[in-house]
Every structure is written in structure tokens, then in C-alpha cells.
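Residue strings, one per chain:
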Amino acid sequence: MSKLNEINDWLQENLPRLLAEHGVPGAAVAVTVGDEVAEAAAGVLNKNTGVETTTDSLFQIGSITKVWTTTLAMQLVDEDLLDLDAPVRDYLADFRIADEDAAARITVRQLMNHTSGFEGDLFTDTGRGDDCVEKYVATLHDTPQLFAPGEMFSYNNAGYCVLGRIVEVVRGKSYDDCLREHLFAPLGLTHAAADVYEAILHRAAAGHLTHDEAAGPQTAPVWALVRSNAPAGSVLSMSPRDLLKFARMHMNDGAGVLSSDSVAAMQQVQVQVPDLALMGDAWGLGWELFHYPQATVIGHDGGTIGQNAFLRLVPEHGVAVALLTNGGKTIDLYQAIFRHVLRELTGVELPAMPEPAAEPPRVDGERFTGVYVSAVGERVVTQDEDGRIWMEVIPKGIMAELSPESAGKTELVPWRDDTLVAAKPVMGIHMPHAFVGDDGNGRALFLHTGRADRRVVR
């Protein structure tokens, strides 16, 4: 029996149990070794309807879309229509943010590797027409700059909308049409949807949100985020098997869809990422990079309204794994499946998730305390008389609307170096918080959770 057959048997036997154990309503998973694929599905697509999850069901892939957007842009590089190190304004003359100097200097590459430096969590609804991305980019004119372009990594959804708009302008067609014509068609995708009107033609998953852990995940009130954020990952949906067609193309030197040079460039380290454990240690062009002792893994995760997606590739072994889910403790499910599959097929051992010490030491909190702000929230870090460090979260914008339960106060305890973790888990995860930079007085300039929230003076 081949290793892949053993994985297939393991998935068929264990996936239903793992969904029940982690409170996940439904999931579909696919594993490829070379050109062979094993796949499994379990649970329901929507708790309100009870429709069964199948291997050809569509789930939103969320921010994995960013790798697709990067691929569309790299096709333009292959055609000598795009220069990665040219300013964005060479292609979008009307690109504006609050900092004029930064707007003039930000490059296409910096959009791809999340180092452009402007506020990125902006989900402005500019309608459902084909001009929604163009209209969205126009709304960025007063977006604040957090740090100088190229200075550091900060995950940026808005930057990917700008990148998607560049693709639209150079191609002369909408982002969705670029996906269909330049990726769906050459990859031979049969279960993929660039918009909601295509998704409804398939068995499409609904997201589930957990506002009360005792009640468990409940069907989300809306299906998708705004279309204006499509290049960043608000709509694109597909089956795990179709997602692996995209992954195999990237493991097979582009397979005629992308040049081997562009494939290699996307997998090269562009910027290091703060010590956050839940993310890779570095970023390439689009891809998240994980440098494990046994092998280098590339991938990306995605999260939309109650849906989470996970994709990992181990190019040197020709192995890729895709897991698509619709709510519950999805990171726990990811850990259980990927830990087993990657170990068996590649020897890669996923590191343990962050865990606070049984008796965390007390530390001087002066470097950490303060107020850190972004477009979707405010985090107030304080230290009490007993030396315990607390973080109060005040959600704003879309987070206040969709995740009101994220508001509240949690204790942060030392983990390693300048990274603290939540003392109590949320959805099974002790979330890490890295404090980076220096405000000139020894205090952190940013609270980093993948996105850099800047310290403000109150």
C-alpha cells in the first residue's frame, strides 16, 4: 500500500471524529503526492440546512487568494508588462494615501511582501460592480502610513487590493475575469468560483461564527465579505482538489502557467516575520515561508466570515495539503491533520503551539504598556500592582460588527523574548503578541500580531 493510500484511509477514518472533537461543522481536505490525490469530506455545509459536505463542495479560501493575485501579477512580469521594483504609480498614476512621500515610493514588490507600510485592515464596501476595486483604491487617499516603505512586515489586505487593481489596469479587464481567463482556464478548474453568482451553482459552504463557546458555532448572518476586497481574499471559493491544481502548478515550475523564474522568485525570502509561532518565519512574494529543520514549507492561510482555509506545500517532496473549513476550532483541526500528514509524507514535524508556563515569571512591563491602534481595533496594555500584564481589546469597524466577543480584557504572560502570549486560550489558542521596535524611550513602537498596531500617545 502506498503512503498516499494510507493517508486516504486515515482521513476517511478520522476526519468525522476530528470535526466532532473540535466543533467544526464541516470540512473537506485533499492531499497530493505528485499527480495523485487523496480527498475526504465530513460534516455539514450549513447547520441551518444540514446539507452534507462532499469533496467537491466549495469553501471560501480567504487570504490564500493573495497567492493567486501574486501569480496573476507575476504572469505580467513574465510578459514584461510589470516591473516588481517600479513604483505603484507607474501603473496607477492616481494612487494616493495620506503620506505623499510614501505613496510615491511604494513599489509593486512591497505590496506583494507586505512591507508597504500603510494601514491594511480596510474593508470599505464600494459596491458589487466590476469597478469596485477601482473605487476601493480611490478611498485610500487618507489612509495613514505606519512606517516607512520596506522597513518591516505588516500583513496588508489593502495592499493586495492595490495589487489587484494593477492587474486590472494592465490587463484591461476586471479582477474576476483575470482569474477566470488566466488561472481557472489554464489550470482546468471545474469547482471554483470567482463571485457569489458562480458559487451558488455548486454545493457552497456557509460560514459559522462562535459568539458563545457553550452554544458552539452558528451560521453566519452573511456569506461573504465585500467584493471590493476580492484580490485580498473576500470571495474566491473552490474545492480542495481545485486548490491543489494551483499548488501543483507551483511545484512543477509553473507548468506553462507561470515561468520557472517567477515560481522561484515567489518562494524566496523577502522579509523576516516577528516571532509569532502561528505564522511563518518569513514571507516571499505572496507565499508564507516556514523553514523547518526537515524541509522548507510554503503556504498560506485564509479566514473570512466563519470560514478558514489552510494550504501547505513541500516542494522538494512534491507534497501539498489543502484543508477547507466552515467554523469551530479550525486551528486545532489543522494541527491534527497537517501534523499527521506532513510527518508521514515528508518527515516534517510541525512545532508545538504556544503554551504559557505553569507559573509565568513577572517582568517589567514598561516596554509593553501603552495604547496600540489600528483601523479594526484598539489594544490597551497595562500592568497592575501585582506585576501582571493585561490587554484590553476594543474592536472597531468591521470587527466590532462581526466579532463583538473579541472585546474584553485578557492577561498576557511572557513566552520568549519580546513575545507575550494570552494566559487563557481563545478557541483553543494562546495567541502570541510580539512587541517590536523602539519609540526612542525603550518602549515597543508596535504591537505585532501579524499586523503592526502602532503605539499612540494619549
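Residues numbered from 1 in each chain as written. Predicted model: local features only at pLDDT ≥ 70, side-chain atom pairs only at ≥ 80, totals over all residues. Heavy atoms only, no water.

## Some remarks on the overall build of the chain
Part 1 of the reasoning: Helix and strand counts for the chain stand at twelve helices and 21 strands.
Part 2 of the reasoning: Taking 23 Å as the expected radius of gyration for a compact globule of 458 residues, we find that the chain reaches 21 Å, a close match to that expectation.
Part 3 of the reasoning: Counting only C-alpha atoms, the chain reaches 60 × 50 × 45 Å along its principal axes.
Part 4 of the reasoning: In the chain, which comprises 458 residues, the share counted as buried stands at 57%.
Part 5 of the reasoning: Within the chain, contacts between residues at least 6 apart in sequence are counted, and of these 61% link residues at least 24 apart.
Part 6 of the reasoning: Accessible surface, the chain as shown: approximately 17900 Å² in total, 48% of it carbon and sulfur.
Part 7 of the reasoning: Across the chain, the 36 positively charged side chains and the 63 negatively charged ones have centroids separated by 3 Å. (Helix = DSSP H or I, 4+ residues; strand = E, 2+ residues; numbered from the N terminus. Rg over C-alpha atoms; globule rule 2.2 N^0.38 Å. Buried < 20%, exposed > 50% of the residue type's maximum accessible area, 1.4 Å probe, protein only. Contact = heavy atoms within 4.5 Å. Areas by Shrake-Rupley, 256 points an atom, 1.4 Å probe, with all protein chains shown as cover. Lys, Arg positive; Asp, Glu negative; His and termini not counted. Charge placed at Lys NZ, Arg CZ, Asp CG, Glu CD.)

## Some remarks on the domain arrangement of the chain
Part 1 of the reasoning: Here the domain parsing of the chain yields domain 1 (1–352) and domain 2 (370–456).
Part 2 of the reasoning: Contact with domain 1, which involves 27 residues of that partner, is made by 24 residues of domain 2.
Part 3 of the reasoning: Interface area for domain 1 against domain 2, summed over the two sides, is near 2200 Å², with a carbon-plus-sulfur share of 65%.
Part 4 of the reasoning: At the surface where domain 1 touches domain 2, the tally comes to two salt bridges.
Part 5 of the reasoning: The residue Asp275 makes a salt bridge to Arg416 at a minimum N-O spacing of 2.6 Å. (Domains from an automatic or database assignment. Buried area = accessible area lost by both parts, 1.4 Å probe. Salt bridge = Lys/Arg side-chain N within 4 Å of Asp/Glu carboxyl O.)

## Digging into helix H11 (residues 330–346)
Because each turn of an α-helix spans 3.6 residues, side chains separated by three or four positions in sequence point in the same direction.
Part 1 of the reasoning: The terminal C-alpha atoms of H11, which comprises 17 residues, lie 23 Å apart, in line with the 24 Å expected from a rise of 1.5 Å per residue.
Part 2 of the reasoning: In terms of burial, H11 is a largely internal element, twelve of the 17 residues being buried.
Part 3 of the reasoning: Restricting attention to buried positions, one finds in H11 the residues Thr330, Asp332, Leu333, Tyr334, Gln335, Ile337, Phe338, His340, Val341, Leu342, Leu345 and Thr346.
Part 4 of the reasoning: Just beyond H11, the residue with positive phi is Gly347, at close to 80 degrees. (Expected span 1.5 Å × (residues − 1).)

## Observations concerning the pattern of salt bridges
Part 1 of the reasoning: Counting across every chain of the model gives 25 salt bridges.
Part 2 of the reasoning: With a closest N to O distance of 3.4 Å, Asp131 and Lys135 form a salt bridge.
Part 3 of the reasoning: The partner of Arg443 in a salt bridge is Asp439, with the nearest N and O atoms 2.7 Å apart.
Part 4 of the reasoning: The class for Arg443 is partly exposed, based on a relative accessible area of 29%.
Part 5 of the reasoning: A relative accessible area of 22% places Asp439 in the partly exposed class.
Part 6 of the reasoning: Each member of the salt-bridge network shares a partner with another, and the members are Asp177, Arg180, Asp195 and Glu198.

## Let's talk about the packing of helix H1 (residues 3–22) against H11
Part 1 of the reasoning: Here H1 crosses H11 at 165 degrees, and the two axes come no closer than 10 Å. Taken together, the axes of H1 and H11 are roughly antiparallel relative to one another. The handedness of the crossing between H1 and H11 is right-handed. On H11, the residues that touch Lys3, Leu4, Ile7, Trp10, Leu11, Leu15, Leu18, Leu19 and His22 of H1 are Asp332, Leu333, Ala336, Ile337, His340, Val341, Glu344 and Leu345.
Part 2 of the reasoning: Among the residues forming the contact of H1 with H11, the class breakdown is twelve nonpolar, two polar and three charged. (Axes fitted to C-alpha atoms, helices over the stretch in contact; angles between N-to-C directions. Parallel < 35°, antiparallel > 145°, perpendicular 65-115°, else oblique. Left-handed = near helix turned anticlockwise from the far one by under 90°. Nonpolar A, V, L, I, M, F, W, Y, C, P; charged D, E, K, R; others polar.)

## Details of the packing of helix H6 (residues 157–171) against helix H7 (residues 175–187)
Part 1 of the reasoning: At a minimum axis separation of 9 Å, H6 and H7 run at an interaxial angle of 75 degrees. Comparing the axis directions of H6 and H7 gives the class roughly perpendicular. Of the residues in H7, those in contact with Gly164, Val167, Glu168 and Arg171 of H6 are Tyr175, Cys178 and His182.

## What about the nonpolar core?
Part 1 of the reasoning: By size, the foremost hydrophobic cluster in this structure holds 74 residues, and its most contacted members are Trp68 and Phe95.
Part 2 of the reasoning: Top element by residues in this core is H6. It accounts for seven residues.
Part 3 of the reasoning: Look past the residues within four positions of Phe95 in its chain and what remains in contact with it is Val88, Arg89, Ala103, Ile106, Phe118, Val137 and Val162.
Part 4 of the reasoning: Core analysis: the next-biggest nonpolar cluster, separate from the first, contains 32 residues, Leu18, Phe310, Leu323 and Ile337 among them. (Core = buried A, V, L, I, M, F, W, Y, C linked by side-chain atoms within 4.5 Å.)

## Some details on the packing of aromatic side chains
To describe a pair of aromatic rings, you give the distance between the ring centres and the angle between the ring planes.
Part 1 of the reasoning: Summed over all chains, the structure comprises twelve aromatic pairs.
Part 2 of the reasoning: Measuring from ring centre to ring centre gives 6.1 Å for Tyr155 and Trp283, while their planes differ by 70 degrees; the resulting arrangement is edge-to-face. Taken together, the residues span a long stretch of sequence, with Tyr155 in the loop between helix H5 (132–138) and H6 and Trp283 in strand S9 (residues 282–283) at a distance of 128 residues.
Part 3 of the reasoning: Here Tyr155 falls in the buried class, since its relative accessible area comes to 8%.
Part 4 of the reasoning: Note on Trp283: relative accessible area 0%, which makes it buried.
Part 5 of the reasoning: With a centroid separation of 4.9 Å and 15 degrees between ring planes, the pair formed by Phe310 and Tyr334 is classed as stacked. Of the two residues, Phe310 sits in strand S12 (residues 308–314) while Tyr334 sits in helix H11, which places them 24 residues apart along the sequence. (Phe/Tyr/Trp six-rings, centres within 6.5 Å; stacked < 30°, edge-to-face > 60°.)

## Section: the pairing of strand S15 (residues 377–383)
Sheet faces and side chains relate simply in a regular strand, where the side chains alternate between the two faces.
Part 1 of the reasoning: For S15, the tally of buried residues reaches five of seven residues, placing the bulk of the element in the interior.
Part 2 of the reasoning: Both strand S14 (residues 370–374) and S15 contribute to a ladder of five bridges, which runs antiparallel. When the bridges of S15 are listed, Ser374 appears paired with Gly377.
Part 3 of the reasoning: Connecting S15 to the next strand, strand S16 (residues 389–395), in antiparallel fashion are five residues, including Gly387 with a positive phi near 85 degrees. (Pairing = 2+ DSSP bridges.)

## Some words on the environment of Leu278
Part 1 of the reasoning: By the secondary structure assignment, Leu278 is in the loop between strand S8 (271–272) and S9.
Part 2 of the reasoning: Overall, the relative accessible area of 21% leaves Leu278 in the partly exposed class.
Part 3 of the reasoning: Through-space distance from the C-alpha of Leu278 to that of Tyr334 is 11 Å; in sequence the pair is 56 residues apart.
Part 4 of the reasoning: Excluding residues that lie within four positions of it along the chain, Leu278 makes contacts with Glu288, Met353, Pro354, Ile429, Met431 and Pro432.

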